[in-house]
Each structure stands twice: as C-alpha cells, then as structure tokens.
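# Tertiary structure, described
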Amino acid sequence: MTLKLIENLQKLGFTGNEAKVYSSLVCLKQAKASDIAESAGVPRPKIYGTLRGMEKKGYVRIIEGEPTLFCCVQPEVLILRIRADFMLSLSETASELSSLSPGSNKFTSEYFYGEQIRV
C-alpha cells in the first residue's frame, strides 16, 4: 500500500484507518481482524470498530464463523458505487443551488469532470 493510495481513498471519504484496512484487505482477500490490524498498521483496539464501521458503509463484508473473517467489496464495485453516489450528490447540489438563486436561469445541464449531468 502506498501513501498516495491512502491519500486518494481519504479524498473519497475513507478515514485514515479505513483506507489502510481496505488496502490491506485487497491484498489479503479475506482475513481475521488480528491479521488485518497487523497488515494495515492499525492498532488492535481500533480494528473491530473500524471494520464494523466499514461494513455499515458497504466497504467490507463480515463472514461470521469461528473465527470471524472480513473481506473487502471488490475495488471495481466500490469505485462504481462511489462514483454514482458522487454524481448524484453533484446533481442534487446543482439543483438545490439553482433554486436558491433568485431570478437566475435553472441549470438544464452542466458538465462536471467530463460527464454531463441533467438536473
């Protein structure tokens, strides 16, 4: 895992620990929390909270059993989900900002990052 990857994941909304854990899980495929903590460099007392939070966000899947294992959502799936969420947020924000501007023309379309968004 590189510092640049961690920084990029953080720009996408991951916390520092989440970015480290996700990067490690991509390499490990599935692992116990203790192995993830060691690989990611996340303190063991924080690993379970981080993993549970990541599961709620849809970044990680929990495989119940003895021992409990964790695996990451495939990077391609995660990126598509983040992209869709971001594009929806941009569209909604553009629409709401447009409605706040008195006397302004409504946006009919706008280009963000090379993609056309209709609001």
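Residues numbered from 1 in each chain as written. Predicted model: local features only at pLDDT ≥ 70, side-chain atom pairs only at ≥ 80, totals over all residues. Heavy atoms only, no water.

The protein chain is annotated in an unreviewed UniProt entry as Transcriptional regulator, TrmB family from Methanosarcina horonobensis HB-1 = JCM 15518.

## Here's the deal with unusual backbone geometry
Here Glu66 and Pro67 are connected by a cis peptide whose omega angle stands at 5°. Positionally, Pro67 belongs in the loop between β2 (60-63) and β3 (69-72). (Helix = DSSP H or I, 4+ residues; strand = E, 2+ residues; numbered from the N terminus.)

## Looking at the packing of helix α3 (residues 33-40) against helix α4 (residues 44-57)
Axis angle and axis distance: for two packed helices, these are the angle between their axes and the distance between the axes, and together they describe the pair. It is the contact of α3 with α4, at a shortest axis distance of 9 Å, that shows an interaxial angle of 110°. With respect to their mutual orientation, α3 and α4 come out roughly perpendicular. Counting all contacts with α3, which are made through Ala33, Ser34, Ile36 and Ala37, the residues of α4 involved are Arg44, Ile47, Tyr48 and Leu51. (Axes fitted to C-alpha atoms, helices over the stretch in contact; angles between N-to-C directions. Parallel < 35°, antiparallel > 145°, perpendicular 65-115°, else oblique. Contact = heavy atoms within 4.5 Å.)

## Some details on the packing of aromatic side chains
In this structure the tally under the stated criterion is 3 aromatic pairs. Look at Phe14 and Tyr59: their rings are 4.1 Å apart centre to centre, the planes differ by 10°, and that puts the pair in the stacked class. One end of the pair, Phe14, is in the loop between α1 (3-11) and α2 (16-28); the other, Tyr59, is in the loop between α4 and β2, with 45 residues separating them in the sequence. Judged on exposure class, the residue Phe14 and its partner Tyr59 are both buried. Each ring, one from Tyr48 and one from Phe70, has its centre 6.5 Å from the other, and the planes form 65°; the classification is edge-to-face. Taken as a pair, Tyr48 in helix α4 and Phe70 in strand β3 lie far apart in primary sequence, 22 residues in all. For Tyr48, a relative accessible area of 48% translates into the label partly exposed. The rings of Phe14, Tyr22 and Tyr59 are connected pair by pair, giving a single aromatic cluster. (Phe/Tyr/Trp six-rings, centres within 6.5 Å; stacked < 30°, edge-to-face > 60°. Buried < 20%, exposed > 50% of the residue type's maximum accessible area, 1.4 Å probe, protein only.)

## Some details on α3
Along α3, the positions that sit buried rather than exposed are Ala33, Ile36, Ala37 and Ala40. Considered in projection along α3, the buried side chains sweep an arc of 100° and stay on one side of the axis. Buried residues in α3 make contact with α2, β1 (30-31), α4 and β3. (Arc of directions from axis to C-beta.)

## Remarks on the state of the cysteines
Under the criterion given, the structure shown has 0 disulfides. Counting only cysteine sulfurs, Cys72 is the nearest neighbor of Cys27, a cysteine outside any disulfide, at a range of 9.0 Å. Owing to a relative accessible area of 63%, Cys27 belongs among the exposed residues under this scheme. Cys72 forms no disulfide, and the closest cysteine sulfur to it belongs to Cys71, at a distance of 6.7 Å. The exposure class of Cys72 is buried, given its relative accessible area of 8%. (Disulfide = S-S within 2.5 Å.)

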